[in-house]
Amino acid sequence: METLLLWLFYISSLYAFIPGLITRIFGFRVFRRGVSDDTFALTFDDGPDPVYTPKLLDLLKRYDAKATFFVVGSNAEKHPDLIKRMHEEGHLIGSHNYVHKTNWLMGPAAVKKQIQKTSNIIQEVTGLKTNYYRPPWGIVNLFDFAKRDNTQIVLWSAMFSDWRERIGSDRLTERMMKKLRGGEVFLLHDCGSTLGANSGAPGEMLIALDRILQEAEKRNLRSIRVDELIRTSESVKNLASSDGKVTPVGPKRLSWAKRCVVFLWLLWEKIFHLLFQLQTANKEDPFLHFRIRPYHGDPVEMIGGNMLRGGDKVMELHFDNKKLFEIGTRSKSPVQLAIKMVRSMEKELPKLAKIVVDHHELHEVKALYGVSMINRGPEQFGFTVTDLPKGWFAKSSQWYLKFLLRVIHPDGGSRLKQSAEHMIPKLIVMPVDYLVTQYLTDGSHRKMAGKQENEVVEEEAVLSATIPCP
Ligand SMILES: [Zn+2]
C-alpha cells in the first residue's frame, strides 16, 4: 500500500513535470496546431545548412510549398545567401536562438540577447524583423518577453525523430503520412550538425518529404507559412464563435472538471502529508517537504564520486503541490513559471542545508533523493539523474501520467501522447555533503554551474534521445 501511494504521489508532484502540465492546462501563448481543412505547415529547425537547405528549397519550389525556417543565428550568419533565398522564395524565417542552447541554462536577459542577435542577422539580410520564435529542444521555459516583444512562440503538433539517421526515409514517410492532414504543424530539421542529431539525417528527411508533398498535392493539401496558418486558424475560430460571445482576454478560466482534478490533487497531498509525516523545510512559505527513509535500490554514483548504497539514509524530497499550482497560475508565461521555479529551488536548498546541519538526527543522512519526470533541470543544482529500476513502477507511472494528461486536457489526448512517451520518471540524488558545502557556506553554486557547462552540453546530446526536439 505504501508503495502504491508513494508512486501516485511522486507522479503527481514532480518538479519538472508540473510546469509543463500547467502550461498545457492554461495554454500560454504558444502556437502548436492550426485549424484548417486544406492547409498545414512545414517547419524546419536548426539550419541553414550549406548542403541540405539548398536542396530543401529546390524541393519546396518544385511543389510550390511554403514553409517556416527556425534558423540558428550563428548558422544564418555564415550563410546569408541562404537566408536571402528563403526570403525571396516566400518562406517565413523565425529564430531558434543564436547558438543551439537550451534556455534552461540562461537567464531571461541572455535568452533575449540570443533572440535579438538572431533577429538582427535575419533583418540585415531580409529587411524584416521576425516575431516568430521556437526555443531549442522545444522547451517552453524561459521566454518572459513573449508579451513585451510580441514574440509568437511556435511549437509543433507533429514530430518524427527525423534528426536520427537510422529512422530511414521509409519509416519517416510512414510516420509523416499518418499526420498528413489540415492544421498540423510538422517539425523537421534541415541541419544535422546540431548536438544530438546525425549529420546524414536531413538526407533521409528530404526523401520522405518529397513523397509527402506528392501525396499532399494529390489530396489538395497545401503547406503554408506558420504566420498564415495562425491567421487562417484565427479567422476560422472567429467565424465559429460569431454567435455574439466575446472571447475573454486573459487567463483562461478552469473548467469544472479541471477544477475538480486540481482540488483532488491538492487534497491528496494533505492526506499524504499526514500519512507519511512529511516535514517542511520552510514552514512560512512551504515549497519543499521531506522525510527521512532508508534508500532501497542499486548503488548510485553521485556528484564527486560519492556512492549511495542500499540502506543509506536519504532525505526524500516532495514538492508542495499547492505552491506549484500557485506559481503556475500566477505566471504570465512559461518563462516566468520556470524562473520562479528555479528561484524557489535556489532559495530552498540553502534552507535544507541549514536544517541538516542544525539537526543532530539528520547527520547520518547521506543524500537528497527524489523522483523527477524530466531529466533536465535538476542537474544544474548538483543532482545526479539516473534511471529508476525497470519494472512496474516505471511502467505504471507512465500509464498514470498519460491518464492524468488526458483527464486534465481532454482535447489534447492525442497531442500529448507523444510527449508523454518521452516523459520517463528518473531518480535524482545529491550527496548531503555537497548540499552543505555548496549551498550553506557561500552560495557558490552559481560558479559550479559555470564549471559544469561542458558536462551540460554533453548531456544535451544524450538527452536529445529522450526529449522532443534536438
Ligand atoms: Zn533545434
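Residues numbered from 1 in each chain as written. Predicted model: local features only at pLDDT ≥ 70, side-chain atom pairs only at ≥ 80, totals over all residues.

Looking at an unreviewed UniProt entry, the protein carries the name NodB homology domain-containing protein, with the source organism given as Paenibacillus vini.

## So, unusual backbone geometry
Here the amide bond leading from Gly47 into Pro48 is cis, since omega sits at 0°, within 30 degrees of zero. On the secondary structure map, Pro48 appears in the loop between strand E2 (39-45) and helix H3 (52-62). A positive phi angle, near 55°, is found at Asp64, a position not held by glycine. Within the secondary structure, Asp64 is located in the loop between H3 and strand E3 (67-71). The phi torsion at Asn220 lies on the positive side, around 60°, for a residue other than glycine. Mapped onto the secondary structure, Asn220 falls in the loop between helix H8 (201-218) and strand E9 (222-223). (Helix = DSSP H or I, 4+ residues; strand = E, 2+ residues; numbered from the N terminus.)

## As for the environment of Ser223
Within the secondary structure, Ser223 sits in strand E9. Counting along the chain gives 39 residues from Ser223 to Glu184, while the straight-line C-alpha distance between them is 9.6 Å. With sequence-adjacent residues up to four places away left out, Ser223 is seen in contact with Phe40, Ala41, Leu42, Ala65, Lys66, Ala67 and Ala216. (Contact = placed C-beta atoms within 7 Å.)

## What about the environment of Val72?
As for its placement among the helices and strands, Val72 is situated in the loop between E3 and helix H4 (73-78). Separated by 27 residues in sequence, Val72 and Val99 place their C-alpha atoms 6.1 Å apart. With near-sequence residues (within four places) excluded, Val72 lies in contact with Asp46, His96, Asn97, Val99 and His100.

## Quick notes on the packing of H3 against H8
Where H3 meets H8, the closest approach of the two axes is 11 Å, and the angle between their N-to-C directions is 5°. When the interaxial angle is binned, H3 and H8 end up roughly parallel. Seen from H3, the contacting residues are Tyr52, Lys55, Leu56 and Leu59; seen from H8, they are Pro202, Leu206, Leu209 and Asp210. (Axes fitted to C-alpha atoms, helices over the stretch in contact; angles between N-to-C directions. Parallel < 35°, antiparallel > 145°, perpendicular 65-115°, else oblique.)

## Considerations on the nonpolar core
Ala41 and Phe186 are the most contacted members of the largest nonpolar core, which totals 52 residues. When residues in this core are grouped by element, the largest group, seven residues, is from H8. Other than its neighbours up to four places away in sequence, Phe186 contacts Phe40, Ala41, Leu42, Thr43, Trp156, Ala158 and Lys179. Counting 30 residues, the second-largest nonpolar core is a separate cluster that includes Ala281, Met315, Ala353 and Val365. (Core = buried A, V, L, I, M, F, W, Y, C linked by C-beta atoms within 7 Å. Buried ≥ 20, exposed ≤ 12 C-beta atoms within 10 Å, placed from the backbone.)

## Here we look at the packing of helix H7 (residues 168-179) against H8
When two helices pack together, their arrangement is given by the angle between their axes and by how far apart the axes lie. Viewed as axis vectors pointing N to C, H7 and H8 meet at an angle of 40°, and their least axial separation amounts to 8 Å. Here H7 is positioned oblique relative to H8, judged by the angle of their axes. The chirality of how H7 crosses H8 is right-handed. Contact residues: H7 offers Gly168, Ser169, Leu172, Thr173, Met176 and Met177, while H8 offers Glu204, Met205, Ile207, Ala208, Arg211, Ile212 and Glu215. Class assignment for the residues of the contact of H7 with H8 results in seven nonpolar, three polar and three charged. (Left-handed = near helix turned anticlockwise from the far one by under 90°. Nonpolar A, V, L, I, M, F, W, Y, C, P; charged D, E, K, R; others polar.)

## Remarks on helix H5 (residues 80-88)
Residues three or four positions apart in an α-helix share a direction because the helix packs 3.6 residues into each turn. Among the residues of H5, Leu82, Ile83 and Met86 are the ones counted as buried. Viewed end-on, H5 has its buried residues packed into an arc of 105°, placing them on one side of the element. Projecting away from the buried face of H5 at angles above 90 degrees are the exposed residues Lys84 and Glu88. Once H5 finishes, Gly90 follows within two positions and takes phi at roughly 90°, a positive value. (Arc of directions from axis to C-beta.)

## Comments concerning the pairing of strand E8 (residues 185-189)
Among the five residues of E8, five are classified as buried, and the element is accordingly described as predominantly covered. What you see with E8 is no split at all: Val185, Leu187 and His189 on one side and Phe186 and Leu188 on the other are buried throughout. With five bridges connecting them, E2 and E8 associate as parallel partners. Paired with Thr43 across the bridge in E8 is Leu187. When strand E7 (residues 158-159) meets E8, the two strands line up parallel, connected through two bridges. Along E8, the bridge assignment pairs Met159 with Leu187. Following the chain from E7 across H7 to the adjacent parallel E8, one finds a crossover that is right-handed. (Pairing = 2+ DSSP bridges. Right-handed = clockwise from strand over helix to strand, strands pointing away.)

## Looking at the environment of Phe44
You can see Phe44 is positioned in strand E2. For the pair Phe44 and Leu188, spaced 144 residues apart in sequence, the C-alpha to C-alpha distance is 4.8 Å. Once you skip the residues sitting within four places of it in the chain, Phe44 turns out to touch Leu56, Ala67, Phe69, Leu188, His189 and Asp190.

## Topic: H3
Buried within H3 we find Tyr52, Thr53, Leu56, Leu57 and Leu60. Take H3 and look down its axis: the buried residues cluster within an arc of 135°, on one side only. In H3, the exposed residues that point more than 90 degrees away from the buried face are Asp58, Lys61 and Arg62. The elements touched by buried residues of H3 are E2, E3, H5 and H8. Where H3 terminates, the next one or two residues include Asp64, which has phi positive at roughly 55°.

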